[in-house]
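# Commentary on secondary and tertiary structure
Residues per chain are reported as follows:
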Amino acid sequence: MTVPDPDPNDDIPAGINGTRRWRRRARHLLAGAGITALAAVLGITLVVRGGATPACAAPPTGDTVHKAKASFYDAGRSGGNCSFPGPPADRLYVALGSSAYSGAAACGTYLDVTGPKGTVRVMVMDQCGGCGPGKIDLSDEAFAKIADRAQGIAQVTYRAVVNPPLDGGLTFRMKGGASQWWFAVQVGNHGNPLRSVEAKGPGGGFRKAARQSDNYWTVESGLGPGPYSIRVTDVYGRQATATTIRMVTKQVQRSTAVLASPTPSSSPSPSGPPSPSIAPSPTPPESVAPTATVEALAGAAPLNVPRC
């Protein structure tokens, strides 16, 4: 908890008014210290409101089935907090609470949501500010497929879609303002949550990019003018390296190769019954740059994603 610096006029109290100010300042400091101490005793982390990622946060993975209440909303032409150029072509998307959104780690993944009328596959596109762990916010179109919109709220279950079938390979989109001195890229069409993104310019080695809550990966000091090679690894160990990615902002650079599924011996998928075969629609391109080359590589063992 941050305590404001004392008012300079409170440093040396003058007379009755100064004494009162001093006492008010003392009460303020003691109250702040008391809250911090109580939080320490109870094991509570104090977080300033405004979109901070919870200490225990992870996107949905594996075959875990979650119970939730679903509402619905319309994002219009927006790509949500995930900063996509727009919603998917079929307008089947979902917003998750801060824990499941996990600082954008869930962006671009898919969920199968089952309600009273059936199951729909949706892409994670947004963060729902009012959604706790047991609440999701579906698009109007998605909600209508699994429940009666007149209900307003529906009891649902949902689970992650592991290795969803996708049309095409990885996509890359440089953020507006990115340059040779500040690298910021959005990776799309990956399906599973991403574990890491690494990038390098000509003649340099791979450097790890930092995930931002708006679904961009950044290297603060930049990587030069490009073109770039970008290595992407998902939470199940699948890995691909794209080359010839250019520093062209706000354009979708599409790959020509599809990421290969990991071999069972090196990177098994989570166990459990298969998800319904529902092919998601890709996010419509804002504009398409020249094709990039993608190399599919065998990944490491699946990462153990924490469960909250």
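Residues numbered from 1 in each chain as written. Predicted model: local features only at pLDDT ≥ 70, side-chain atom pairs only at ≥ 80, totals over all residues. Heavy atoms only, no water.

### Thoughts on the state of the cysteines
Heads up, the condition is: When two cysteine sulfur atoms are found within 2.5 Å, that pair is recorded as a disulfide. The helix and strand labels rest on DSSP assignments: H or I over at least four residues marks a helix, E over at least two residues marks a strand, and numbering proceeds from the N terminus. Exposure is judged per residue with a 1.4 Å probe applied to protein chains only, and the accessible area is read against the type maximum: over 50% gives exposed, under 20% gives buried, and values in between give partly exposed.
Considering all chains together, one arrives at two disulfides under this definition. The disulfide bridge from cysteine 82 ends at cysteine 107, spanning 2.0 Å between sulfur atoms. The sign of the S-S torsion, about -85°, decides the handedness of the disulfide formed by cysteine 82 and cysteine 107: left-handed. Separated by 25 residues along the polypeptide, cysteine 82 in the loop between strand 1 (66-73) and strand 2 (93-96) and cysteine 107 in the loop between helix 2 (98-101) and strand 3 (110-115) bring together distant segments of the chain. Note on cysteine 82: relative accessible area 0%, which makes it buried. For cysteine 128, the disulfide goes to cysteine 131, at an S-S distance of 2.1 Å. Across the disulfide from cysteine 128 to cysteine 131, rotation about the S-S bond amounts to roughly 70°, and the bridge is consequently right-handed. Residues cysteine 128 and cysteine 131 agree in their burial class; the two are buried.

### Quick notes on the packing of aromatic side chains
The line we're drawing: Under the pairing criterion, centres of Phe, Tyr and Trp rings, with the six-membered ring standing for Trp, must be within 6.5 Å; the plane angle then separates stacked pairs below 30 degrees from edge-to-face pairs above 60, leaving the rest tilted. A positively charged side chain is recorded as over a ring if its NZ (Lys) or CZ (Arg) lies within 6 Å of the ring centre. The angle to the ring normal must also be within 35 degrees.
One pass over the full model with this rule turns up three aromatic pairs. When the ring of tyrosine 73 is compared with that of tyrosine 93, the centres are 5.7 Å apart and the planes differ by 80°; the resulting orientation is edge-to-face. Of this pair, tyrosine 73 sits in strand 1 while tyrosine 93 sits in strand 2, placing them 20 residues apart in sequence. Each of the two residues, tyrosine 73 as well as tyrosine 93, counts as buried. Ring centres of phenylalanine 183 and tyrosine 228 lie 5.1 Å apart, and the angle between their planes is 70°; this geometry places the pair in the edge-to-face category. Separated by 45 residues along the polypeptide, phenylalanine 183 in strand 8 (residues 183-188) and tyrosine 228 in strand 13 (residues 228-234) bring together distant segments of the chain. Each of the two residues, phenylalanine 183 as well as tyrosine 228, counts as buried. Positioned above the aromatic ring of phenylalanine 206, the side-chain terminus of arginine 231 is 4.0 Å from the ring centre.

### Side note on the environment of glycine 222
Rules: Any pair of residues with heavy atoms lying within 4.5 Å of one another is described as a contacting pair.
Topologically, glycine 222 is positioned in the loop between strand 12 (217-219) and strand 13. Between the C-alpha atoms of glycine 222 and alanine 184, which are 38 residues apart in sequence, the distance is 8.4 Å. Beyond its immediate sequence surroundings of up to four residues, glycine 222 is in contact with Gln180, Trp181, Trp182, Phe183 and Arg207.

### Let's talk about the side chain of asparagine 189
The cut-off we apply is this: Polar contact criterion, stated in full: a pair of N or O atoms within 3.5 Å, where within protein one must be able to donate a hydrogen and the other to accept it, and residues adjacent in sequence count only if both atoms are side-chain atoms.
Along the chain, the position of asparagine 189 falls in the loop between strand 8 and strand 9 (194-200). In terms of polar contacts, asparagine 189 uses its side chain to reach the backbone carbonyl oxygen of aspartate 167, at 3.2 Å. Within the structure, the side chain of asparagine 189 is placed 2.8 Å from the backbone oxygen of glycine 169, a separation counted as a polar contact.

### Comments concerning the confidence of the model for the protein chain
As a reminder, the rule being used: A residue's pLDDT is the confidence the predictor assigns to it, expressed on a 0 to 100 scale.
Per-residue pLDDT for the protein chain has a mean of 77; in total, 65% of the residues score no lower than 70. In the model, residues 283-302 has pLDDT below 50 throughout and makes 81 contacts with residues more than four positions away in sequence or in other chains.

### Here's the deal with the pairing of strand 2
Sheet faces and side chains relate simply in a regular strand, where the side chains alternate between the two faces. The condition is simple: Here the rule is simple: two strands pair whenever DSSP picks up at least two bridges between them.
Neither face of strand 2 is exposed, since Tyr93 and Ala95 on one face and Val94 and Leu96 on the opposite face are all buried. Across four bridges, the pairing between strand 2 and strand 4 (residues 118-127) is parallel. Residue pairing for strand 4: valine 94 is matched across the bridge by valine 124. Pairing analysis gives three bridges linking strand 2 to strand 5 (residues 135-139), with the strands arranged antiparallel. Paired with valine 94 across the strands is leucine 138, a residue of strand 5.

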